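Each chain is listed here by its residues.
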Amino acid sequence: MRLSRKIIIPTLLWFAILLIALIIGQRLTITVETRANESQTLDHFQQMFNDEIKTQSNLALGLANSIASNPVAAQALARSDRYTLLAQTRPVYQRLRTNFPIVEFQFYLPDGSAFLAVHRGKPEEATATSTSVVNAAIASQHNAAGPEIGAEGLAIRGVAPVFFNDNFVGVVEIALNMDINTLQNLKDRIGTDFQILLLNDALIAANAQFAAHFAGPVPALSGYATTLKQPLPPQTDLSSFYANVLAGTSQTTYIQTLESRQAVRAAPLRDNNDSIIGIVEIILDRSDIIQTQNQRLAITLGVLALALFLGGIGTAYSVTRTLAPIDILRTAAKSITEGELEQPIALETNDELGLLARAFNTISAHIRQVMDTLEHRVAERTRELEKRTTYLQATAEVARTAASQSDLDILLKRVALLIHERFHTYHTGIFLLDATGEHAVLQATAGQSSNEILTSGITLRVGTEGIVGHVIQTGVPRIARDISDDPFYKPNLLLPQTRAEIVLPLKVGNRILGALDMQSTDPEAFGSDELQILQILADQIAIAIENLRLIAENQAALEASRRLYGEVSRADWKRLLEARLLGYESDASGLHRLDTSQLPPPTADGLEIPIRVQEQVIGSIHAEKAPGESWLPEEQEILSSISTQIAYALESARLFNDLQERAHREQIITQIVSSMRETLDVDLILQNTLQEIGENMPFSALEIRLGTPPETPTEEKA
C-alpha cells in the first residue's frame, strides 16, 4: 500500500504539475493565436473600408466623367449658359439620385468659382466655395476624387474636367454622402461595427454647419457617425493612443465593459491631399471570440486530462487507442487550416473526441458552404461589373462613331451595326418619325434578317402599333422581358426567336425624334440596371441625329445665300458690260486702251484665258507669243491663276462701287429730307425739295403739284 502510494502520489503530483504547465501553456498559446487572428481580422476589415472608399471615389468620378463627356453640357458651361446647363443636367441628377446618395452636383469655372448647383434645381449663380478636390482637378485639369468634409457633412467627391473644343472650361463635381447609411451598409456586408470621428480643426477649416452627433473620445475629435447602439465611451487614458493615430499610425486597443468586450482598431482618415481629417474606428465584438477561446481551452483541457490520466494508469494499448483519435483530429485540424475542407473526419465514436470530430465536420461543411456562397457572389458581382463595363465601353464607342459621321444614313447603319455587335442583340432597329410626326419609319437595322426587314419598309403608327409606337408617344423607355405578356408587342415573322425587347426614345430636350429598338433571344438580356446606360446611348444617338439635321439646314441656307449672291452678281455684271466695255493691250510700244467693239479675231498662236465671276464669263486674257514658240504648262497655269485673281479683284471693285452708289443715294435722300424738315411752311417745303432734287439729280424739268389729279378714262369707267 505504501509502495502504491509512493508510486501513485508522486505520479499524480507529476501529472498535476504537468497538467498545470500544459494548461498555462495552452492558455497562453490560445490567447496569442486569438490576438493574432483578431489582428488579421481587423486588418482585413480596415482594408475593406479602404476599398469601399476607393469604390465610392471611383463611382463619384465615373458619374462626374459621364456628365463631363456630354457635349451639350460642355458647350453650355463654355458659354456660361446656366439655363441650358441646368436643363441638360437636372434630369440626369434626378435619375442618378434614385440610385446613388448624391448630396452635391455642381459646376465650377476655371478660376475656382462656383457656377451652378444642379442639386438645388435653380439657375441662379452658385455661392459655394471650391473644395480641395475641386482645386486639385482645376490645377491639373485631370480627374480628382477622395473623401472630404463639406459644409453639410463628410462626402466622397469626384471631380472631372470639362473640355469644349479642346479648351478647358471648368469642372463638374459629384459628391456622394458618407454617413451612417454608408457605414451600416458596410456593416451588413462584413458583420462588424464602424465609427467615424472628425477632427475639430478640419471641421472649422471646412466651415462645417452641422453639429457633432456624439462626444468624441478626446477633445480634439467629434463624433460623426457610428453603427453602435451607443458610441464608445470617452477613455481618459487613451490620449496618447489617439495622438499616435492622428500622427498617421493605425492603433489597436481593447475595451471591456460590463456588457461587452471589444477590440478597437483606429486608423487615420485621409482626404484627397493625404491630410488627416479624422479617424475611422473598426469595433470587433470579442464576446463570441472569448467564448470560443474558452470552449477551445475547455476541450483542450478535457483532452489533455484524459490523455494524461490514461497515460498514467493505462496500458500502452489504451494509450495508443486514446491518442489515435487525437492524431486524427490533429491531422484534420491541420488540413482545415491548410484549406482542405472536402475530406470529412472519419471518427465514429460517442465520446468527446467523436463530438469534437462531428463539430469539426460541421465547421468544415459550414466553411465550405460560406466559401461557395462567397465565390458565387463574387463571380456574380464580377459578371455584373463586366457587363456594365462592356455596356459603358460600347456606349462610348457608339458616341464616338455618332460624332464622327456627317451622313445620316451612314450614321444610322453604323450605329445599328455597332450596337448589334457590342451588345450581342438578336436584332437592332432605329426608327425615325416622318414629317407628319404620326408614323415611325424604320431607317436602319442590324442582326437577324436585317436586309429583308429594312427592304420591307416597316412603318408603325405612333401610339397604336407595337412597343415602338407606344414609347414614341409616351417618351418613356419600355422593357418587355417576356414579349408574350406585353400588350404592346407586335410580332415580326422574320424575327421568330425574339424573347425580350427594349425600346428607348430618341429625345433631344422634350422633342422625340424616334426610337431605338433592341431585341434578344435571352429573356434576361435587358434589366433595369442597364436601362440608364442604354438611355444615355439613345440620347447620344438622338443628339448626333439632331446635329446632322442642323448641319443640313445650315448648309441649305448657305447654299441658298450663295445662289442668291451669284444671281445678283451676274445681273450686275450683265448690266455693267452692257453699259460699258473695257479693254487694254500691252505690247512693245507700251500700254494701250482697246476699242472692245472692234477687237481682231484671236490668232492660232494666241492663248485665250476666260475671266469668270460666279460661273459667268465677263472677259478674257489674250496672250500671244512669237511665231513658232509653244506654250509651257507653267505659263498657262500662271495666266489661269492671274485670271482668277483678276476676277476676285473685279468682283471686290464692283461691290465697292455698289456700296458707294448706295451711300450716295442715301446721302441725297437724307439731304432732301433734312431740307424738308427745316420748315413747317408748305411753300418752303416744296421749294426746298425742288431745289435739293434739282441740285442732286440730272433732271431737265421737275414739278411738284398739290391737288386732286383729273380722273383718267380707266378710273371714270371704274
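The structure this text deals with has already been given above.
Residues numbered from 1 in each chain as written. Predicted model: local features only at pLDDT ≥ 70, side-chain atom pairs only at ≥ 80, totals over all residues. Heavy atoms only, no water.

Visitor: It is not clear to me how the overall build of the protein should be interpreted in this structure. Could you clarify?
Guide: Secondary structure summary: the protein contains 17 helices and 21 strands in total. For the protein, with 718 residues in total, the buried portion stands at 36%. Pairs at least 24 residues apart make up 55% of the contacts formed inside the protein by residues separated by at least 6 positions. Total accessible area computed for the protein in this model is approximately 42500 Å², and 55% of it derives from carbon and sulfur atoms. (Helix = DSSP H or I, 4+ residues; strand = E, 2+ residues; numbered from the N terminus. Buried < 20%, exposed > 50% of the residue type's maximum accessible area, 1.4 Å probe, protein only. Contact = heavy atoms within 4.5 Å. Areas by Shrake-Rupley, 256 points an atom, 1.4 Å probe, with all protein chains shown as cover.)

Visitor: Would you mind showing me how to read the packing of helix 15 (residues 633–676) against helix 16 (residues 682–696) here?
Guide: Two measures define how a pair of helices packs: the angle their axes make with one another and the distance between the axes. At a closest axis distance of 8 Å, the pairing of helix 15 and helix 16 adopts a crossing angle of 160°. Classified by the angle their axes make, helix 15 and helix 16 are roughly antiparallel. With respect to the hand of their crossing, helix 15 and helix 16 are arranged in right-handed fashion. Taking contact as the criterion, the partners of I668, Q671, I672, S675 and M676 in helix 15 are, on helix 16, I685, N688, T689, E692, I693 and N696. Here the residues of the contact of helix 15 with helix 16 sort into five nonpolar, five polar and one charged. (Axes fitted to C-alpha atoms, helices over the stretch in contact; angles between N-to-C directions. Parallel < 35°, antiparallel > 145°, perpendicular 65-115°, else oblique. Left-handed = near helix turned anticlockwise from the far one by under 90°. Nonpolar A, V, L, I, M, F, W, Y, C, P; charged D, E, K, R; others polar.)

Visitor: Help me understand the pairing of strand 11 (residues 276–285), please; the structure alone is not making it clear to me.
Guide: Regular strands place their side chains on alternate faces of the sheet. Most of strand 11 is tucked away, with nine of its 10 residues classed as buried. In this structure, strand 6 (residues 193–199) lies alongside strand 11, joined through six bridges in antiparallel fashion. By the bridge assignment for strand 11, I196 is matched with V280. Sheet analysis places strand 10 (residues 261–270) next to strand 11, joined by nine bridges and oriented antiparallel. Residue P268 lies in a different strand from strand 11, and its bridge partner there is I279. Between strand 10 and strand 11, which pair antiparallel and follow one another directly, the connecting turn spans five residues, one of which, D274, has a positive phi of 65°. (Pairing = 2+ DSSP bridges.)

Visitor: Looking at this model, I keep getting lost on the nonpolar core. Mind explaining?
Guide: Most often, soluble globular proteins have nonpolar side chains that are buried together. If you look at the biggest cluster of nonpolar residues, it comprises 64 residues, and the most contacted ones within it are F49, I102, F105, F107, L154, V172 and I196. Examining the composition of this core, we find that nine residues originate from one element, helix 1 (residues 2–68), more than from any other. Apart from the residues lying within four places of it in its own chain, the contact partners of F105 are I67, T89, Y93, L116, A117, V118, H119, V172, E173 and I174. Residues L411, I419, L513 and M518 belong to the second largest nonpolar core, which totals 32 residues. (Core = buried A, V, L, I, M, F, W, Y, C linked by side-chain atoms within 4.5 Å.)

Visitor: I'm lost on the sheet that holds strand 8 (residues 221–226) in this one. Help?
Guide: The strands making up a sheet are joined through hydrogen bonds of the backbone, oriented either antiparallel or parallel. Strand order in this open sheet of six strands is 7-8-6-11-10-9, and the pairing throughout is antiparallel. Of all strands in the sheet, those with a lone pairing partner are strand 7 (214–215) and strand 9 (251–256), marking the two edges. Contacts from helix 5 (residues 180–190) reach strand 6 and strand 8 within the one sheet, and its direction differs from that of strand 6 by about 150°. Against the sheet, helix 7 (residues 239–246) makes contact with strand 6, strand 8, strand 9, strand 10 and strand 11, and its axis sits at roughly 120° relative to strand 11, the strand it touches most.

Visitor: Looking at this structure, how should I read the side chain of S57?
Guide: Along the polypeptide, S57 turns up in helix 1. S57 gets classed as buried once you look at its relative accessible area, which sits at 9%.

Visitor: Honestly, the sheet that holds strand 16 (residues 500–508) in this entry has me stumped. Any pointers?
Guide: In spatial order, the strands read 14-13-12-17-16-15; together these six strands make up an open sheet with antiparallel pairing. At either end of the open sheet lies a strand with only one pairing partner, and these are strand 14 (459–461) and strand 15 (478–480). Taken over all neighbouring pairs, the strand axes of this sheet differ in orientation by 25° on average, direction set aside. As defined by bridge partners, strand 13 (residues 439–447) adjoins strand 14 across three bridges and the pair is classed as antiparallel. Directly across from H439, in strand 14, lies its bridge partner R461. The strands touched by helix 11 (residues 408–423) are strand 12 (427–433), strand 13 and strand 17 (511–520); relative to strand 13, the strand with the most contacts, the crossing angle is about 55°. Here helix 13 (residues 466–474) sits on the sheet and contacts strand 12, strand 13, strand 14, strand 15, strand 16 and strand 17; the angle it forms with strand 16, its principal contact strand, is near 35°.

Visitor: What is the right way to read a nonpolar patch on the surface from this model?
Guide: The grouping of I20, I24 and L28 at the surface amounts to a nonpolar patch, some 310 Å² of accessible area in total. With respect to the helices, strands and loops of the structure, L28 is situated in helix 1. Classification of L28 by relative accessible area gives exposed; the value is 55%. (Patch = residues over 30% accessible without salt bridge, like charges linked within 9 Å, V, L, I, M, F, W, Y side chains within 5 Å. Salt bridge = Lys/Arg side-chain N within 4 Å of Asp/Glu carboxyl O.)

Visitor: Explanation requested: the side chain of H427 in the structure shown.
Guide: Inspection of the secondary structure assignment puts H427 in strand 12. Overall, the relative accessible area of 3% leaves H427 in the buried class.

Visitor: Just checking my understanding: could you explain helix 2 (residues 71–78) for this structure?
Guide: The periodicity of an α-helix, 3.6 residues per turn, causes residues three or four places apart in sequence to face the same way. Of all the positions in helix 2, only A73, A74, A76 and L77 are classed as buried. Here the buried residues of helix 2 occupy an arc of 165° about the axis, which is enough to place them on one side. The N-capping residue of helix 2, defined by a side-chain oxygen 3.0 Å from the backbone nitrogen of V72, is N70. Immediately downstream of helix 2, the backbone of S80 shows phi near 55°, a positive value. (Arc of directions from axis to C-beta. Polar contact = N/O pair within 3.5 Å; in protein donor to acceptor, adjacent residues only side chain to side chain.)

Visitor: Mind showing me how you'd approach the packing of aromatic side chains here?
Guide: To describe a pair of aromatic rings, one takes the distance between the centres and the angle between the planes. This structure, assessed with the given rule, holds five aromatic pairs. Taken together, a centroid distance of 5.1 Å and an interplanar angle of 85° make the contact between F241 and Y242 edge-to-face. For F241, a relative accessible area of 8% corresponds to the buried category. Exposure remark for Y242: the relative accessible area of 5% places this residue in the buried category. Ring pairing ties together the aromatic residues Y93, F105 and F107, which thus form one cluster. The aromatic ring of Y254 is capped on one face by R35, whose charged end is 3.9 Å from the ring centroid. (Phe/Tyr/Trp six-rings, centres within 6.5 Å; stacked < 30°, edge-to-face > 60°. Lys NZ or Arg CZ within 6 Å of the ring centre and 35° of its normal.)

Visitor: Is there a simple way to explain helix 3 (residues 82–96) in this structure?
Guide: With 15 residues, helix 3 should cover 21 Å at 1.5 Å per step; its first-to-last C-alpha distance of 20 Å lies within 8% of that length. Of all the bends in helix 3, the largest measures some 30° and sits at T89, one to four residues before the proline P91. By the N-cap criterion, in which a side-chain oxygen at the helix start approaches the backbone nitrogen of a residue two or three places on, helix 3 is capped by D81, the distance to Y83 being 3.3 Å. (Expected span 1.5 Å × (residues − 1). Bend = angle between axes of the 7 residues up to and from the residue.)

Visitor: Please clarify how the pattern of salt bridges should be interpreted in this entry.
Guide: Two side chains that carry opposite charge are able to pair once their charged atoms sit near each other. Evaluation of the coordinates by the stated rule reveals 13 salt bridges. Across the pair E546 and R549 runs a salt bridge whose closest N-O atoms are separated by 2.5 Å. Residue E546 and its partner R549 are located together in helix 14 (residues 528–579), separated by three residues, close to a single helical turn. According to the relative accessible area criterion, E546 is buried, its value standing at 8%. Here R549 and E553 are joined by a salt bridge, their closest N and O atoms 2.3 Å apart. Here R549 and its partner E553 are both found in helix 14, four residues apart, which amounts to about one turn of the helix. The structure contains a network of salt bridges with shared partners spanning E104, E148, R157 and E173.

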